[in-house]
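An overview of the molecular structure
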Amino acid sequence: MEEASAEYAHLPRPVLPRVAPQELLLGQKALVTGASSGIGRAIAISLAHAGADVVVNYVADEDRAQELVEQIRALGVRALAIRADVGDETQVGEMFRRMIEELGTIDILVNNAGLQQDAPFHELTLAQWNKVLAVNLTGQFLCARAAVREFRRRGVRPNISCSAGKVICVSSVHEVIPWAGHVNYAASKGGVMLMMKSLAQEVAPYRIRVNSICPGAIRTPINMQVWETPKAYNELMKLIPYKRIGEPEEIGRAAVWLASDYADYVHGISLFVDGGMTLYPGFQTGG
Ligand code: BGC
C-alpha cells in the first residue's frame, strides 16, 4: 500500500468547542441510503436536526422519499431525493455524481440500505442469496468506495470537521449472533463487519473514520411480525435484557454522535444499540 497521508500526522489533538445539538453537523453533507423508511428515515431526520444537508436515497418509494425531503427542508437545511439501487455500480456512480454536483461534496455516508429475504436453508434460492448480498454487502462496498474517493480527493476542511469524512455502516446484532432461517442476512452482516474494520484500518491515515452501528430489534416494517401482536412482543422480550423494543430515533441519535467530531477518536468499532440483545440473555437465568 502506498505511504498514506503524512500530512495529517503532525496535526494536534483537536480541541472541540461546545456546540448546540442542532449545530453538531452544521455545514456537513450527508447521504443516507435506503432512507425512505424505517431506520434510514430516522437517521436522515436526526442528521438534519443536527444541521446536516441530507440526500435521501431510495429505490422504489418515490412519494415517501419526497415527503421526507419536505420534512427535512422544513428544518432549515437542504435536502434532495435520489433514486438508485445501491447494488448497481452505474446507479451508485450516478447518485454520487449528482450529490456532488448539487451539494458540492459528501462528508457523511450512512450505508443503511438493507433487506431480508428469509427462508429455511434447504429452500433458500440463489436469487434470495444474491439479492440480499447485493444490497446488504455489495451496496455498502460500492457506496463506501465512492465516498472514500471523494473524501481522499477533498481532504480535511478544518472548519467543517476534524476528519476528511465518515462512513457509518448500518450492520446488525446478526454480524455476531448466528440466525437460523436467515443465513443470507447473517452472512451479509458478518461480511459488513470485516469490510468495515478492514476499510477502517486502511483509510485511517487519511483521517477517514469508518464505523458500524449494530441495531437489535427496532420497531420498523422489516420485523413487524415480532412486535405487532402482544404474544409476539412477549416472545421477543425473552431476547432483550432491557425489556423493550428499540425505536428508529435511537439509531438516529447514535448516528449523529458517531458522525460528529465528538466521536473523532472512535474508529473501526461496531456500536451495538440493542438493549443488551448481544449479552446472551439465556444466561440471565440459565448456565
Ligand atoms: C433484523 C430484524 C431483527 C433484529 C434482531 C435485525 O438486523 O433486520 O428483523 O428483529 O435484527 O434480531
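Let me sum up the structure you'll find in this document. For clarity, every value in this text was computed on a predicted model and none was experimentally measured.

So, about the layout of surface pockets. Estimated volume of the largest pocket: approximately 1,100 Å³. Elements with a minimum of two residues in the lining of the largest pocket: α1 (38–49), β2 (53–58), α4 (126–154), α5 (183–203) and α6 (230–237). Of the volumes computed, that of the second largest pocket is approximately 760 Å³. Considering the residues around the second largest pocket, the lining is formed by 33 residues, among which Pro14, Ser161, Cys162, Ser163 and Asp261 are closest to the centre. In terms of residue class, the lining of the second largest pocket is built from 21 nonpolar, six polar and six charged.

Once that is clear, we can look at the sheet that holds strand β5 (residues 165–170). Taken in spatial order, the seven strands line up as β3-β2-β1-β4-β5-β6-β7 in an open sheet, and their pairing is parallel. The open sheet terminates on both sides in strands that have one partner only, identified here as β3 (79–83) and β7 (270–273). The mean angle between the axes of side-by-side strands here comes to 20 degrees, regardless of whether they run parallel or antiparallel. Sitting on the sheet, helix α2 (residues 62–73) is in contact with β2 and β3, with an inclination near 165 degrees to β3. Contacting β1 (29–32), β2, β3 and β4 (108–111), helix α3 (residues 89–103) crosses the sheet at an angle of about 160 degrees to β3.

Overall, the coordinates contain twelve salt bridges when judged by the stated rule. One salt bridge in this structure joins Glu235 and Lys238, with 2.7 Å as the shortest N-O distance. What makes Glu235 partly exposed here is its relative accessible area of 44%. Classification of Lys238 as exposed rests on a relative accessible area of 53%.

With 29 residues, α4 extends 40 Å from end C-alpha to end C-alpha; this agrees with the ideal 42 Å at 1.5 Å per step. Ala134 marks the point of greatest bend in α4, at about 40 degrees. After α4 finishes, the residue Gly155 shows a positive phi value of roughly 75 degrees.

Rules of the game
- Residues numbered from 1 in each chain as written.
- Predicted model: local features only at pLDDT ≥ 70, side-chain atom pairs only at ≥ 80, totals over all residues.
- Heavy atoms only, no water.
- 1 Å grid on protein atoms, 1.4 Å probe; cavity = no way out; pocket = protein on both sides within 12 Å on 5 of 7 lines; lining within 4 Å.
- Points joined across faces, edges and corners; volume = space filled by probe spheres on them.
- Helix = DSSP H or I, 4+ residues; strand = E, 2+ residues; numbered from the N terminus.
- Nonpolar A, V, L, I, M, F, W, Y, C, P; charged D, E, K, R; others polar.
- Pairing = 2+ DSSP bridges.
- Axes fitted to C-alpha atoms, helices over the stretch in contact; angles between N-to-C directions.
- Contact = heavy atoms within 4.5 Å.
- Salt bridge = Lys/Arg side-chain N within 4 Å of Asp/Glu carboxyl O.
- Buried < 20%, exposed > 50% of the residue type's maximum accessible area, 1.4 Å probe, protein only.
- Expected span 1.5 Å × (residues − 1).
- Bend = angle between axes of the 7 residues up to and from the residue.

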